[in-house]
Each structure stands twice: as structure tokens, then as C-alpha cells.
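As a plain string of letters, each chain reads:
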Amino acid sequence: MTFEEIQKQAKSNWDSQYHGKAPHILIGTATCGRAAGALPVVEAFSNELAKRNARAKVTEVGCIGLCSFEPLVTIIKPSSFTVCYNNATPQVVPTLVEGYVLGDDPCLDLALGTLDGGDGKAVYIPELSRFEHEYRLLLRNCGYIDPGNINHYIANGGYSSLAMALQMEPDTIVGEIKKSGLRGRGGAGFPTGRKWQQCREASGQTKYIICNADEGDPGAFMDRVVLESDPQQVIEGMVIAAYAVGSHDGFIYIRAEYPLAIERLQVALEQAKNLGLLGDNILGSGFSFDIEIVEGAGAFVSGESTALMYAIEGRRSMPRARPPHSVKAGLWGKPTVLNNVKTYAYVPLILARGADWFSGIGTEGSKGTAAFALAGKMVNTGLAEVAMGTTLHELIFDIGGGIRSGKKFKAVQIGGPSGGCLPESMLRTAVDFDSLRKAGAIMGSGGVIAMDEDNCMVDTAKFFLDFIQKESCGKCSTCRIGSKQMLDMLEDITVGKGKIEDIDWLVEVGQDISGGSLCGLGRTAPNPALTTIRYFRDEYEAHILEKRCPALVCKELIAYYILPEKCERACEHCVLSCPVKAITTNEKGIKVIDQSKCTKCGSCQLVCPPEYNAVIRLSPPSLVPVSGAKTQE
């Protein structure tokens, strides 16, 4: 088939489902939706429609990014507005079928809002003000099209850029990408067009294209959502890249912990091949390119480009020294372009809308948009896509909804475990490569973890450094030994054994690691400690000088205490919940914690009824009144 015939077929398929005479029900079944119970909702709709002999179609779609509202159900009705329902359960399905699928009642009490956009435009919910701050390019189709039906992607403009690219000179394509200012979204931010040009100009007939989908940062899941919700945009971007640099073989390296993304990628690749958009003689152009999926074992270091190539070659994932750079001697020693999932996904849009359009979005040094995974203690966790230059405040408060339970914002960890912790005073920092680096953090792959007043920044630095130290490949001693030394010092501080000179030692060792490590992961490893010292030095000093944890987190520096004036004598919740029987009742009926037995598990505080709120934490432990430290007087 010609591409025009493929488009015509796709449009017909799309119109029959999205603009047909029967209602169309979309249910988000990406990993987040499934975790929230989406599959039983799918089954309930199928059963209810069959029972009522109702004429309606159910389609499983990806994630729109509103993960805290999953499972999401969208009902499209001919000649009526489209309604999106949140936190759907099998129990509400009969009501929705009776009310809106078969009737005219949109069941607004169950609705999150109406859904607008589609047909090539980014979908959004007008009732949610967060969408006024977003700029959706990568996520434009997510949660609306069927990721398992290539016709949906094509009907919304997909593969038009590839068809156009195959009529262009490869140098012209590379020039457009360079002109757009696109920088790699995997963390390093290297100019994509320059990388492509260097690989194209490299000598040798065999060249490779690699997509890095080894999303290893805790709290980051943008790549997974893109692959589970709209995988064809990534494949199209890879084919265009291959044509531009002269490659015929590509790999998608993805961690095995993403089974649904792998499954949907496999379907997407097969469908693209069946339509002649991948494989031999693509669209009759004479150009051939194929893609193979390689499943990784989940090592954090495998996300580093040279370590990833070793993994594909079947060797142990370890970074190597550069030069030579991968564009000249990468996979199996051949010129290789390695880009992130999101980087490839931008390529079709840049060719379709022009480099000037893309470079008009964002800041001087960071063009386009950035997708972030909002996690931690934000009200609205999920995904967001914003123009580069948007501030952290907009991201966390206007889109993320601020901090849960009315707590006070304390810090944001941005850029993954080797990113940086920025305080409230830095909330006006623009989200772009250069501004975040200046603040001591990094873009990383886009994880944003918000923390509130209950987070201890010393403990936070220890948590991330523990992750990094365990994931260090051990090849270079500065990272292997230095990160262990830093972790040991942080552990000492959190148990009250720290010395004031440790703070400066942490900074000095951290700078040595940054300057002496072989790869980017090692060079950024000290960031959590360095930024928390830079912005929260007073907390380090409190731990060391006063043996006090201001956030009441570090176990060795706190004690649980039951306020006698608030303790309800008849209540036995804390006594019954204590796993070590450290709580007893004195002669006045007041519960008392034996500090010598208490393991500080916190179960007494969890079960104490909120109307009493009698259990508190104190730091340092010496604040516990003497009478309250014994079980019986």
C-alpha cells in the first residue's frame, strides 16, 4: 500500500470508533491504571454491556498522566460531550451504563470533567486548571488513542513525518534537528542534531540506532507511560534517525521490570512492519531498518550510554572511558546514536511542524517541552508536560496541587537519585538544563519528588546515597570508595555519632567524586549530600551538635512519648499494637512507654485515635520527662 492508502484505511478505522453512531468507552489500562484496579472495570463494562445487549465499544487506552485519579473511564457519545470519570470501580459501572451510555444522564457526580481535544490535538480536561500550565506534545495522545492499534496513531498524523523524511536528503533532516535546538532528554542534554551529524559523518557502513528505555531513576516513569500509551511516536522517531545517519539496525533497551511496555512495544513493532513502515524497503523507498527489543536486568548503571551498549553486547554493564565517543565507536565498535525515549518521540513533531516552531518553545538554551513524573507528597501525582522555563512552583503547586494534608513544602528532589534537593527559596527556579545545573540539581530523566516538613534532609541524603552506593558498578575507585565513605558519614550523623568536621569532609569527598568519576552517574552521585548541605546545613548541625532531628525522623535521635493529659484511660489501642510490649498502664490509668524496650516503630502513634492525639515524638530523647520513661512508678 502507498502511504496515502495507509492513511485512508487508518482514518476510516478511527472514524468508525471515535466518530461512529455508538458510544465509545475508553479505559486507562497502563500500569498505573492496572495498579488502581482498571482491569476489573474493563471486565465489568463488558459484562454490563453484554447483559443489556447494549451497542457500545470498549477500548483500553494508556495513561493521560492523572495517575492519582486512576482508574479513569472516558465515555464518548455521538452528538454529545465527552465525559471523564475518575477512580472508577466495578460497582459504578451499571450506573454509568444506565445513565450515560444508554441514557442522557452524564452522572456528573461521578465525573472528573469533560474531555476536550483529540483528532491530532492534545487531549485535556478544561475543568482542571492544571492544564492551563501544561504544554503537551509527547503526551498529546496518551490516554486517548489505543496503543495497540497503529491506525489510531496514523489517523492522528502519525508516520506523515517519516513519509516526508524519506523524500528528503538525510543532511537536510539532520539540519532541521540541529536548528530545532533539541537536546537529549535522558539527562545529559547533549544536542541531538550534533550527535546525529557526528554519527552520519563517521566512517563505516555499519551504524546503529539505540533507544535508551532503561528508566532506572526511583520515582520516574515518563518513558514507561509514553511506551505504554503511544509507542509508535518513538518507533517513527527511530526510523527517521536511522535514515538520517545511515543505519539499518536499531535496538530498544528496556528494563524487564516494564512488562506491559515491552508487550505494547512488541505489538507496535509488528504492526509497523505489517504496514511497511519498518523493516525492508520502507514505504517503497529502498531504505530498510529494523528494531530489536533487548530486555535489561534492571541495573541502574545500565542507563549510562556506554554501559548500556556493553549490556546489549552481552557483557557486564560498566561505563568505559571516552574518547572514542559512541558516535564514532559505539555498539560493537561501530558508529552509534543513542537517544532517550522522549528524544525520539519529539522528532516526528519537529519535522511535521518545523524546527522554528519547536525552537520557539522554551528558553534560550533549552528548547521544547519537558515531561516530569510528579511523585512524593504532592496532591496530584502522575505526569506533567510543560514548556522549558516553567518554574518549579508552577510544576509543584499549579499542576501538582501542592503538598498533601496541608503540610508545609520543604524541598524538591529533581533529577533522580543523583539529582539535587532544592528548598522553598528556589521554587522560582526555571525548569531547564542550565538553571537547574546552576542551582546544584540536574534535569536527569525528569523525576520530581516533593517533600514536606516531615522529611529529614540528612536522612533524605542518606537514602539517595545508599541507593547510589549500592548501584555503583565499582569500576572507578572515586565512586566506589568515595560514595561508601560519604554514606558512612551520613549514617553516623543520623545516629548521633557525627562530628562537626564531617560536614566539610562530606563536601570535600563529594567534590573529589564529582571530579574523578568515569561516568555521569558517578560525577553526580554526591549531589543529594552536597545540595542538602548547601541549603539545609542547619539540620546537619542540629544532628551533630544537639543530637536532635528537627523533622523527628532519625530513630536514634527521637523518642515516643504519651502525653498524660491527653491519654484516654479506657483506650488500649497503643498497648495492644505495641509489638514489644513496651507500653503499660500506671496506677492512674495513664499509658506509659518504657523507653528501654521501645523500638520506635511508631505503631502507637499510628493507632492513637485522632480525637486524643496523645502520642508524640520528641527530639532529642532527653526531652522525655523522667516519669514518662518508666512503665510503672
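Refer to the structure printed above.
Residues numbered from 1 in each chain as written. Predicted model: local features only at pLDDT ≥ 70, side-chain atom pairs only at ≥ 80, totals over all residues. Heavy atoms only, no water.

Visitor: Teacher, can you tell me more about the overall build of the protein here?
Guide: In terms of helices and strands, the protein carries 24 helices and 20 strands. Taken against the 2.2 N^0.38 rule, which gives 26 Å for 633 residues, the C-alpha radius of gyration of the protein at 27 Å falls within 12% of a compact globule. Considered along the principal axes of its C-alpha atoms, the protein spans approximately 90 × 65 × 40 Å. Taken across its 633 residues, the protein has 59% of its residues classed as buried. Considering only contacts within the protein whose residues lie at least 6 apart along the sequence, 70% involve residues at least 24 apart. Here the protein displays about 24,900 Å² of accessible surface, and carbon together with sulfur accounts for 50% of that area. Taken together, the 64 basic and 72 acidic charged side chains of the protein have centroids lying 3 Å from each other. (Helix = DSSP H or I, 4+ residues; strand = E, 2+ residues; numbered from the N terminus. Rg over C-alpha atoms; globule rule 2.2 N^0.38 Å. Buried < 20%, exposed > 50% of the residue type's maximum accessible area, 1.4 Å probe, protein only. Contact = heavy atoms within 4.5 Å. Areas by Shrake-Rupley, 256 points an atom, 1.4 Å probe, with all protein chains shown as cover. Lys, Arg positive; Asp, Glu negative; His and termini not counted. Charge placed at Lys NZ, Arg CZ, Asp CG, Glu CD.)

Visitor: So what exactly am I meant to see when it comes to helix 20 (residues 501-516) here?
Guide: Relative to the 22 Å expected for 16 residues at 1.5 Å per residue, helix 20 spans 23 Å between its end C-alpha atoms, a close match to the ideal helical length. Taken as a whole, helix 20 has its buried residues at Asp502, Ile503, Leu506, Val509, Gly510 and Ile513. Seen from one end, helix 20 has its buried residues packed into an arc of 130°, which puts them on one side. Residues of helix 20 that are exposed and angled more than 90 degrees away from the buried face: Gln511 and Gly515. Of the surrounding elements, those touching the buried residues of helix 20 are helix 19 (477-494), helix 21 (520-524) and helix 22 (527-545). (Expected span 1.5 Å × (residues − 1). Arc of directions from axis to C-beta.)

Visitor: Would you mind showing me how to read the packing of aromatic side chains here?
Guide: Scanning all chains against the criterion turns up 15 aromatic pairs. Their ring planes at 65° and their centres at 5.4 Å tell us that tyrosine 346 and phenylalanine 358 sit as a pair that is edge-to-face. With tyrosine 346 in helix 14 (residues 341-353) and phenylalanine 358 in helix 15 (residues 355-359), this residue pair connects regions lying twelve residues apart in the sequence. Both residues of the pair, tyrosine 346 and phenylalanine 358, count as buried. Pairwise contacts between aromatic rings join Trp14, Tyr18 and Tyr144 into one cluster. A cation sits over an aromatic face here: lysine 77 above tyrosine 100, 5.0 Å from the ring centre. The lysine or arginine in question, arginine 315, covers the ring of tyrosine 310, its NZ or CZ lying 4.0 Å from the ring centre. (Phe/Tyr/Trp six-rings, centres within 6.5 Å; stacked < 30°, edge-to-face > 60°. Lys NZ or Arg CZ within 6 Å of the ring centre and 35° of its normal.)

Visitor: Sorry, what's going on with the environment of histidine 248 here?
Guide: In this fold, histidine 248 is placed in the loop between helix 10 (232-245) and strand 9 (249-255). Between the alpha carbons of histidine 248 and isoleucine 291 there is a distance of 8.7 Å; along the sequence they are 43 residues apart. Ignoring anything within four residues of it in the chain, the contact list for histidine 248 reads Lys207, Phe287, Ser288, Phe289 and Asp290. Here serine 288 takes part through its backbone oxygen, which lies 2.7 Å from a polar atom of the side chain of histidine 248. (Polar contact = N/O pair within 3.5 Å; in protein donor to acceptor, adjacent residues only side chain to side chain.)

Visitor: In this structure, what is going on with the layout of surface pockets? I would like to understand it.
Guide: Picture a little ball the size of a water molecule; that probe, rolled over the atoms, points out where space is still empty. Space inside the largest pocket adds up to approximately 1,400 Å³. The wall of the largest pocket is formed by 48 residues, among which Gly186, Gly187, Ala188, Gly189 and Ser305 lie closest to the centre. Only helix 8 (192-201), helix 12 (305-312), helix 13 (326-329), strand 11 (336-340), helix 17 (433-439) and helix 21 provide two or more residues apiece to the lining of the largest pocket. Here the residues of the lining of the largest pocket sort into 14 nonpolar, 22 polar and twelve charged. (1 Å grid on protein atoms, 1.4 Å probe; cavity = no way out; pocket = protein on both sides within 12 Å on 5 of 7 lines; lining within 4 Å. Points joined across faces, edges and corners; volume = space filled by probe spheres on them. Nonpolar A, V, L, I, M, F, W, Y, C, P; charged D, E, K, R; others polar.)

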